[in-house]
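Next come the chains, spelled out residue by residue.
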Amino acid sequence: MAMELPINPALAQLPVYQPGRPLEDVAREFGLPVESLIKLASNENPLGPSPMAMDAMRAAIAKSHLYPDGNAFLLKHKLSTHLDCPPECLIFGNGSNEIIELVAHALIQPTDEVVVSEQCFAVYPIVTHLFGGSLVTVPARKFGHDPDAMLKAITAKTKIVFIANPNNPTGTLVAASEILRLIEHVPRNVLLVMDEAYIEFLDDPLDLLPIVLSGSHPNLILMRTFSKIYGLAGLRVGYGIGHPDFIAMLEKARQPFNLNSIAQAAATAALDDVPHLECTRENNRIGLAFLQSEFASLQLEYIPSYANFVMVKIGDGVRVFQEMQRRGVITRPMTAYHLPQWLRITVGTAAENNRCIAALRSALGK
Ligand SMILES: *Cc1c(COP(=O)(O)O)cnc(C)c1O
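This one's a predicted model, so the numbers in the text were calculated from it and none came from an experiment. (Residues numbered from 1 in each chain as written. Predicted model: local features only at pLDDT ≥ 70, side-chain atom pairs only at ≥ 80, totals over all residues. Heavy atoms only, no water.)

What the rule picks out here adds up to 17 salt bridges. Between Arg 58 and Asp 55 there is a salt bridge, with the nearest N and O atoms lying 2.8 Å from each other. Residue Arg 58 and its partner Asp 55 are located together in helix α3 (residues 51-61), separated by three residues, close to a single helical turn. The exposure class assigned to Asp 55 is partly exposed, which follows from its relative accessible area of 48%. The salt bridge partner of Arg 327 is Glu 323, with a shortest N-O separation of 2.8 Å. Given the relative accessible area of 31%, Arg 327 is considered partly exposed. One salt-bridge network, in which partners are shared between bridges, spans Lys 76, Glu 251 and Arg 254. (Salt bridge = Lys/Arg side-chain N within 4 Å of Asp/Glu carboxyl O. Helix = DSSP H or I, 4+ residues; strand = E, 2+ residues; numbered from the N terminus. Buried < 20%, exposed > 50% of the residue type's maximum accessible area, 1.4 Å probe, protein only.)

So, about the domain arrangement of the protein chain. Many authors give the size of an interface as the accessible area that is lost as the parts come together. Assigned domains of the protein chain: these are domain 1 (21-48 + 274-364) and domain 2 (51-270). The straight-line distance from the C-alpha centre of domain 1 to that of domain 2 is 26 Å. Listed by partner, the interface residues are 23 residues for domain 1 and 22 residues for domain 2. Between domain 1 and domain 2, a total of about 1,900 Å² is buried, with carbon and sulfur atoms accounting for 67% of that surface. Linking domain 1 with domain 2 are zero salt bridges, by the criterion used here. (Domains from an automatic or database assignment. Contact = heavy atoms within 4.5 Å. Buried area = accessible area lost by both parts, 1.4 Å probe.)

Moving on: the packing of helix α2 (residues 23-30) against helix α13 (residues 317-326). Running from N to C, α2 and α13 cross one another at 80°; their axes reach a closest spacing of 10 Å. The angle between the axes of α2 and α13 places the two elements in the roughly perpendicular class. Residues Val 26, Glu 29 and Phe 30 of α2 form the contact with α13, whose own contacting residues are Gln 322, Gln 325 and Arg 326. By residue class, the composition of the contact of α2 with α13 is two nonpolar, two polar and two charged. (Axes fitted to C-alpha atoms, helices over the stretch in contact; angles between N-to-C directions. Parallel < 35°, antiparallel > 145°, perpendicular 65-115°, else oblique. Nonpolar A, V, L, I, M, F, W, Y, C, P; charged D, E, K, R; others polar.)

Of all hydrophobic cores here, the largest spans 52 residues; its most connected members are Leu 75, Phe 226 and Ile 241. Per-element accounting of this core gives the leading share, four residues, to helix α11 (residues 261-270). Counting only domains with at least three residues in this core, you end up with domain 1 (21-48 + 274-364) and domain 2 (51-270). Membership of the second largest hydrophobic core comes to 28 residues, among which are Ala 27, Phe 295, Val 310 and Ile 357. (Core = buried A, V, L, I, M, F, W, Y, C linked by side-chain atoms within 4.5 Å.)

Next up on the list: a nonpolar patch on the surface. A grouping of Met 3, Leu 5, Ile 7, Leu 11 and Leu 130 is seen on the molecular surface, where their side chains present a nonpolar patch of about 470 Å² in accessible area. By the secondary structure assignment, Met 3 is in the segment before α1 (9-12). Assessed through its relative accessible area of 59%, Met 3 is described here as exposed. (Patch = residues over 30% accessible without salt bridge, like charges linked within 9 Å, V, L, I, M, F, W, Y side chains within 5 Å. Areas by Shrake-Rupley, 256 points an atom, 1.4 Å probe, with all protein chains shown as cover.)

Structure follows, in structure tokens:
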């Protein structure tokens, strides 16, 4: 029988988010043992979670009959010390994806505009449309953001400007001077979201925290995550750093127990595991340089990356993606980003990177 429910019209046009393919899915499809596969599709940490976080998770299991601390007190205070910022400036989300949704709850009403760049993180458009907002997409400049053009795209209807820096999926970085100019010029009644999911991979990151803490820009929020360098993507922990008055508004839209107790324990412990963070950064530095030099020697165009993944132009993206999967290597085709000739590949361990390049060569017949 046909469904006659009066579905929210915003959902009719909305695509379902396509994540990187899980190992088990690909194992089933190709009849391969799951242990024989590697996943370089979702920018996860190839070294795994921090061992200190794993110990904390094991200890937390015994208390999992209790509701989590709805205010994540220990994690919030640990992070507050770690960042040297008052706890009132922090809000946690079930992944920073949830922070994206919380800012939309706070600001977007039907017909409001949200400004993004071409090839932006896929969750910004989805959430904008979900709230009935209208997406204004600014053409990219060499696959990266064009902050001046984004400023020009702001109208009286604009509520939010989203920038991921470094950007996913392109790995590009906007120069510090351009970000600072953007922060100065975004109108005070428009929220600027600086998504810093990959900031910990940068050698010399622009530190926007002093601007947030100065209180001079209540329309600026930073977003970070434990999913990438901290290796806790499966637990879903992200956070926002903003003006206490705005954070207090977001708190109203947050579900009370959005962060489970095991995730809270793991994230708290992960903040102490400096060696794990440094090994991850070093592995990434070496692996990214390796992948990029292999692409160069294969005469493949790539976009020099500042993150833990890199986009490479290989011709028929879906075909090469399929061929590499058959060889046990899962990558990410960029069709959904209107880049059908490109793949995005996450930096793995040295062994995984070697295997990835072997699979790529063989898929390309090189
Ligand atoms: C991975 C990613 C996130 C966050 O993911 P969560 O797992 O939800 O914390 C946010 N923004 C960008 C640009 C990302 O690539």
